[in-house]
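Summary of the model geometry
Listed below are the residues making up each chain.
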4 protein chains.
Amino acid sequence: MRSKEIKRFFSEVRKKTEAICRPLAIEDYSVQPVVDVSPPKWHLAHTTWFFEQFILVPYKKEYSLYNEDYSYLFNSYYNNAGERVLRPNRGLMTRPTVEEVYSYRGYVTTAVEMLLEEAPDDTIINLVEIGIHHEQQHQELLHYDIKYILGNQPTFPSYETAEILTEVERQKKLIAIEEGVYTIGHRESTFCFDNELGVHKTYIQPFLISETVVTNGEYLEFIEDGGYEDFNLWHADGWDFIRKNKITAPLYWYKTKGTWHYYNGKGLEKINKNLPVMHVSYYEAFAFAEWKQMRLPTEFEWEVAASKLQYGQVWEWTASAYLPYPNFKKAAGALGEYNGKFMVNQHVLRGASVATSDNHSRITYRNFFNPQLRWMFSGIRLAK
Amino acid sequence: MRSKEIKRFFSEVRKKTEAICRPLAIEDYSVQPVVDVSPPKWHLAHTTWFFEQFILVPYKKEYSLYNEDYSYLFNSYYNNAGERVLRPNRGLMTRPTVEEVYSYRGYVTTAVEMLLEEAPDDTIINLVEIGIHHEQQHQELLHYDIKYILGNQPTFPSYETAEILTEVERQKKLIAIEEGVYTIGHRESTFCFDNELGVHKTYIQPFLISETVVTNGEYLEFIEDGGYEDFNLWHADGWDFIRKNKITAPLYWYKTKGTWHYYNGKGLEKINKNLPVMHVSYYEAFAFAEWKQMRLPTEFEWEVAASKLQYGQVWEWTASAYLPYPNFKKAAGALGEYNGKFMVNQHVLRGASVATSDNHSRITYRNFFNPQLRWMFSGIRLAK
Amino acid sequence: MRSKEIKRFFSEVRKKTEAICRPLAIEDYSVQPVVDVSPPKWHLAHTTWFFEQFILVPYKKEYSLYNEDYSYLFNSYYNNAGERVLRPNRGLMTRPTVEEVYSYRGYVTTAVEMLLEEAPDDTIINLVEIGIHHEQQHQELLHYDIKYILGNQPTFPSYETAEILTEVERQKKLIAIEEGVYTIGHRESTFCFDNELGVHKTYIQPFLISETVVTNGEYLEFIEDGGYEDFNLWHADGWDFIRKNKITAPLYWYKTKGTWHYYNGKGLEKINKNLPVMHVSYYEAFAFAEWKQMRLPTEFEWEVAASKLQYGQVWEWTASAYLPYPNFKKAAGALGEYNGKFMVNQHVLRGASVATSDNHSRITYRNFFNPQLRWMFSGIRLAK
Amino acid sequence: MRSKEIKRFFSEVRKKTEAICRPLAIEDYSVQPVVDVSPPKWHLAHTTWFFEQFILVPYKKEYSLYNEDYSYLFNSYYNNAGERVLRPNRGLMTRPTVEEVYSYRGYVTTAVEMLLEEAPDDTIINLVEIGIHHEQQHQELLHYDIKYILGNQPTFPSYETAEILTEVERQKKLIAIEEGVYTIGHRESTFCFDNELGVHKTYIQPFLISETVVTNGEYLEFIEDGGYEDFNLWHADGWDFIRKNKITAPLYWYKTKGTWHYYNGKGLEKINKNLPVMHVSYYEAFAFAEWKQMRLPTEFEWEVAASKLQYGQVWEWTASAYLPYPNFKKAAGALGEYNGKFMVNQHVLRGASVATSDNHSRITYRNFFNPQLRWMFSGIRLAK
């Protein structure tokens, strides 16, 4: 990427992040209702800290930190921090205020923009590019987290959201893929994350895959057929999970007066049967597939079939655990923590959601989450 | 109390509550760092709800609720609530906003003031009086909670606080009280809480009691003499408590570079040895007394000796469990929940703190907390 | 006590402990189903350790320990232990075996008997006396713990038990006691525990107290009248306790096919309405009294009225928290841990149960338990 | 397998299980120190229940159950149980006694032997074969569980154990495997578990694999080089795991007086540097490989290279998550719960341990455990 282009890209992404937060009241910025949901303020500051720490501090001459405390407070790579008396608890950190964090953002944005005008070398451009993609990942998390924060208010407030879904047809057509050796991984010269590299061959058995994802209507049939009560459909861990947490439907679904509703940007609404089902855990996706006497595709099957699929509204759980590709290499230094250290106890999701940045919506992108998580925009596609 | 007087009293107390919150940023209003600490916004709204629910709704003609949801959201008497989908979790409730809560306060304050101008009968005056005292109790809690919220920021911000203490002399004089039958409880016609009633006689053995409370300097000697390492000084539960929570000093004390500091309104400061020790649990108060080869006074001893004591900077743990007085009667209805239901697993504190409203500082006032709590302004007085 | 008498007393008590364990299978000796229930093997060994540690080691010439490990393994005064790699977890300690523990008992019993034949001085006789009373307290705990262990077998086995109760009349007569100054505490020269000493005066207001304890029949009315669903009857902590643990009846009560049964030595049986209710927590005793519009007596009221009461089948919860008497003194050394360190967060029970040794059944005896415990033989008496 | 052969096989395996328990005292049979460790008594009964439930009840004419309760008590497939009042808690179930369980074993063993003499059809023979292999799996678990039970006695008792390891050479030779398409899964006609079926092709990249497993000596170097303190070597979950549990060495390792010892059948002994390292979690295996700048092999690499490896003393963690093979089919009915429901959150181990039955030691065998478990005989082999 050339320096002019990256500067424009950078500025746009920085603004986009702030636009996502526009519907929030000051009060909404600081809470952390569950451990997986970070306060929006933290996202705003952490993505800024990333540019300051990895780019401005090492590469910008005479750069002076906005605030020394921030390098400690907004570091998500806690492992080498720790000299301070109190560990920052994200949801209780009311200071710095939202206003101060926006001021921090402005300061760093300007400094990076200046750096990008000074004929930066490739190292800097590459780091800025990573920083931008990192911020775009946090944009998607912001969508999830804002929904969780507002969706757990007893008053179910409505807000301006990216959650605008399009109706899909119920599964009609299964696409057949032939067996053979296929190549997996990111082969273009464009940006990708380290976990997509390590291009390699894989042997795929013949399989069928649905062109469309599962709808609310199909999922409702699963519920009404007693899917959540039949342990034969579930992993042992999944069964324990739904029992312990008394789960009987996707996240944000509520049965009121005998009818299923869900919370979305418009408040509490009746389920639309033709939209993709969303907010299911891996356990639920697996159980649904069992009930249909089908299965989830592996991430390799998905990648091989991708060009023939309708996708992009919800992330799709795959049958694949999140593991390194054969030639995976960790980046050196702190950036090396980026992906590798999460490669256990997670499952891969493929595709993209309505909250995903367009440039992240590529067929080699490997998203991943713990099997019990449901607050992200996750859905189901079947194979057999 | 006459209606004019009570109106002035009411207006002052309502303003005072808001003044206590003045040093806060919007962000500070909504967090609940531990279960015992409520968000300041919640205090502001709950004290308002109390007037709306118990006075305006039943007694003000054509009163219309500010917002129907609030009667659910700001009720601390949860036991008969419960029809809603989500239970409000005080620390995650970002809506209504602080601004809306202040507007709610204004609406209710005005309505009560109007009611008090309409020649209210005694029932109303008595209820308003309870509401005012209720709000004053929450004022004291606000002092504790604000300190806890800000004192748990990694940056230890300073703020304008009521925590202005005066140096006291180290224990010098022990006051002797003779044995005999004494009368306990509130006998005047002025306001008191239900737990102070049930005036009754009690037999007191002869005892000595210190004129002053324990200082930071004396407590430091206890720490340095290994008080926190000698299990013989502690209750079994107390020993478990300090082991499990790794407690080695009062709350807000930090040893940095070999010197003890504490957090107060001015940030992190060196310990002043001549101020009263504060933020100790009952377990610590008891262990300190054991170490001094003395004991804590009972609440009856305290009340009998009160006129001869210097008190009023910190609440003082007594040896008495919080139990009903012989003729204690619960008030009817929801107000009956007020005190009686807490009469187990708590210890009584007597006196008053710098955060206590003047009119609550009376010798029959029975404050009470769980023995492990430390975030309130609690100190120690010795007897033997 | 003369040395001959004490020797006979000692031998009888040692045998009695073993007799209590007679119905057990080897497997029953080692489990610890909840933290409050110790394995019978542990009781057998710990009461033996007490004699070895406090009498034989310091006073018996050339005494050699049965096994060095045991002084560590069977010490309940863990606070000064701790040099070992692993802390003994009572319920997982399968070694030493039951057989070895009986052999340890025999060894120590013989050694103490020999010591008692050597014209022991008063110090030794007093210590042996404490040891015997200590063992008798553990005998009562053995009854509770054995019932808990067998009563939590899915097969509800029957066994030979001390739980033989006599029918009592429903409350008929309330005994009136006059107000005045009364003396409390153990005044005779016979044995008592340290917590009964500190004889002192107390002022008692006039009160009425029931001659008999509450029956299963009366308690059943409380259940059927919705006592467990009406939060107005409960302490806040009590309400949380029964909600969290889904408690709707005394421990060991099961509703099968619409009828209440309970587990006792004879297996699962239909409730006998004329027997005293047993296995209730303080919270339940309090709520029952509220429902009856009466209250629990204080421990002082109980002691003053004791001579007029029918008691001795179940321990009776009092309204009194367990606190030191005015002149309470801790014994020196490890024995000082005996009672004082438990004087917080507990309530006093008075009377005696069918599992109590006759010589412990005295009107000054202060038993105590945490308010939520129910596995001991605890019942209810009302006052007002 | 012919019916005669299977009868001999059956009888031998039944006896072997009992032989493994020979070093136990009665007390050792009933405890469950952690949730993953079942009481030996439970293994003895559960493996018996399996034959009774799946073979005798449906196929043996006029078979009468040994005890109706047992079908409930010794069922590990709890999902469809549940009508009883109390759920059996394995570690607290002191009844039936060990003696009764042995009698139950005898009864069922005889009944199965009789059935096998009555010219059984293939269905029965196949089910008995599964039952035998099921019991052999429990034999291996018995070795782990007995070690855990005795190894957590504060006295570290010695006992007769299968843990007899042979010294191995430190890694010297790396075996090179060529890239290509390989076939994976059990292709012979002999017995295997359902998870080994679904024979399929896989593409393997070229790799190197160590001929031998990692020794205690090599692992000690990792410890001494600060492996447990360098978070860069660990998965995020692994780092949390070792921090939270204060893990600084394999299970059963204790540093006493500056020297590392471990517990094995002979009590506490000095580490032998030439034996394979054992009792490590997946997290530790992974971190060790990172430290060596190598990696763990995948289960497919392992299977392809197996014929060239020295293995059989310890199970070897692979980099592969436990997932179904492409053509995996669940068995019908309750037996279908056998493997499929565990295929999430687990990692595959390959090879065999000294506690494994010879007939289970095959190159297609897929063992699996949660990544944090360490009580099984698990070790490490490196690849790159």
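Residues numbered from 1 in each chain as written. Chains lettered and ligands numbered in written order. Predicted model: local features only at pLDDT ≥ 70, side-chain atom pairs only at ≥ 80, totals over all residues. Heavy atoms only, no water.

1. Notes on the confidence of the model for chain A
All names here are of chain A.
- Across chain A, pLDDT averages 92, with 95% of residues at or above 70.
- With pLDDT under 50 throughout, residues 80-85 is counted as low confidence; its partners more than four residues away or in other chains account for 10 contacts.
- Scoring the predicted complex yields pTM 0.93 and, for the interface, ipTM 0.94. (pLDDT = per-residue confidence, 0-100. Contact = heavy atoms within 4.5 Å.)

2. Points about the interface of chain C and chain D
- In this assembly, 36 residues from chain C lie in contact with 37 residues from chain D.
- Across the chain C/chain D interface, buried area totals approximately 2700 Å², and carbon plus sulfur atoms make up 66% of it.
- On the surface where chain C and chain D come into contact, there are 2 salt bridges.
- C:Arg95 serves as the salt-bridge partner of D:Asp28, at 2.6 Å between the closest nitrogen and oxygen.
- Viewed at the interface, chain D and chain C are joined by 12 residue pairs in polar contact (both at pLDDT 80 or more).
- Sorting the residues of the side of chain C that touches chain D by element identifies helix H3 (70-73), helix H4 (98-117), helix H5 (122-151) and strand S5 (253-256) of chain C as the ones contributing at least two each.
- Here the element with the most residues in the side of chain C that touches chain D is H5(C); it accounts for 3 residues.
- Partitioning the side of chain C that touches chain D into residue classes produces 19 nonpolar, 10 polar and 7 charged. (Buried area = accessible area lost by both parts, 1.4 Å probe. Salt bridge = Lys/Arg side-chain N within 4 Å of Asp/Glu carboxyl O. Polar contact = N/O pair within 3.5 Å; in protein donor to acceptor, adjacent residues only side chain to side chain. Helix = DSSP H or I, 4+ residues; strand = E, 2+ residues; numbered from the N terminus. Nonpolar A, V, L, I, M, F, W, Y, C, P; charged D, E, K, R; others polar.)

3. Observations concerning the sheet that holds strand S10 (residues 367-369) of chain B
All names here are of chain B.
- Strand order across the open sheet formed by 4 strands is S10-S9-S8-S11, with mixed pairing between neighbours. The open sheet has two edge strands with one neighbour each: S10 and strand S11 (378-379).
- Of the pairings in the sheet, the one linking strand S8 (residues 315-321) to strand S9 (residues 347-351) comprises 4 bridges and is antiparallel in character. Looking at S9, one finds that Trp315 is bridged to Gly351. (Pairing = 2+ DSSP bridges.)

4. Here we look at the interface of chain B and chain A
- In this assembly, 36 residues from chain B lie in contact with 37 residues from chain A.
- Of the roughly 2700 Å² buried between chain B and chain A on both sides combined, carbon and sulfur atoms contribute 66%.
- At the boundary of chain B and chain A, one finds 12 residue pairs in polar contact (both at pLDDT 80 or more).
- Elements represented by at least two residues in the side of chain B that touches chain A include exactly helix H3 (70-73), helix H4 (98-117), helix H5 (122-151) and strand S5 (253-256) of chain B.

5. Side note on helix H7 (residues 236-244) of chain C
All names here are of chain C.
- Along H7, the residues classified as buried are Ala236, Gly238, Trp239, Phe241 and Ile242.
- Each element contacted by the buried residues of H7 is listed here: helix H8 (282-291).
- Where H7 terminates, the next one or two residues include Lys246, which has phi positive at roughly 50°. (Buried < 20%, exposed > 50% of the residue type's maximum accessible area, 1.4 Å probe, protein only.)

6. Quick word on the UniProt feature "domain: Sulfatase-modifying factor enzyme-like" (unreviewed entry) in chain A
- This chain's UniProt record puts "domain: Sulfatase-modifying factor enzyme-like" (unreviewed entry) on residues 172-307 and 312-384 of chain A.
- Secondary structure content for residues 172-307 of chain A is 26% helix and 24% strand, and the end C-alpha separation is 18 Å. (UniProt positions renumbered as here; feature names shortened; annotations may be inferred.)

7. A closer look at the domain arrangement of chain A
Residue and element names in this part refer to chain A.
- Examined at the domain level, chain A breaks down into domain 1 (3-151) and domain 2 (174-379).
- The C-alpha-based centres of domain 1 and domain 2 are spaced at 28 Å.
- Every contact between the two is made by 24 residues of domain 1 and, on the other side, 27 residues of domain 2.
- Roughly 2300 Å² is buried in total at the junction of domain 1 and domain 2, and carbon and sulfur atoms are behind 61% of that figure.
- At the junction of domain 1 with domain 2, the criterion picks out 13 residue pairs in polar contact (both at pLDDT 80 or more).
- At the level of secondary structure, the elements contributing two or more residues to the side of domain 1 that touches domain 2 comprise helix H2 (40-59) and helix H5 (122-151).
- Considering each element in turn, the side of domain 1 that touches domain 2 owes the most residues, 17 residues, to H5.
- A breakdown of the residues in the side of domain 1 that touches domain 2 according to their chemical character gives 11 nonpolar, 8 polar and 5 charged. (Domains from an automatic or database assignment.)

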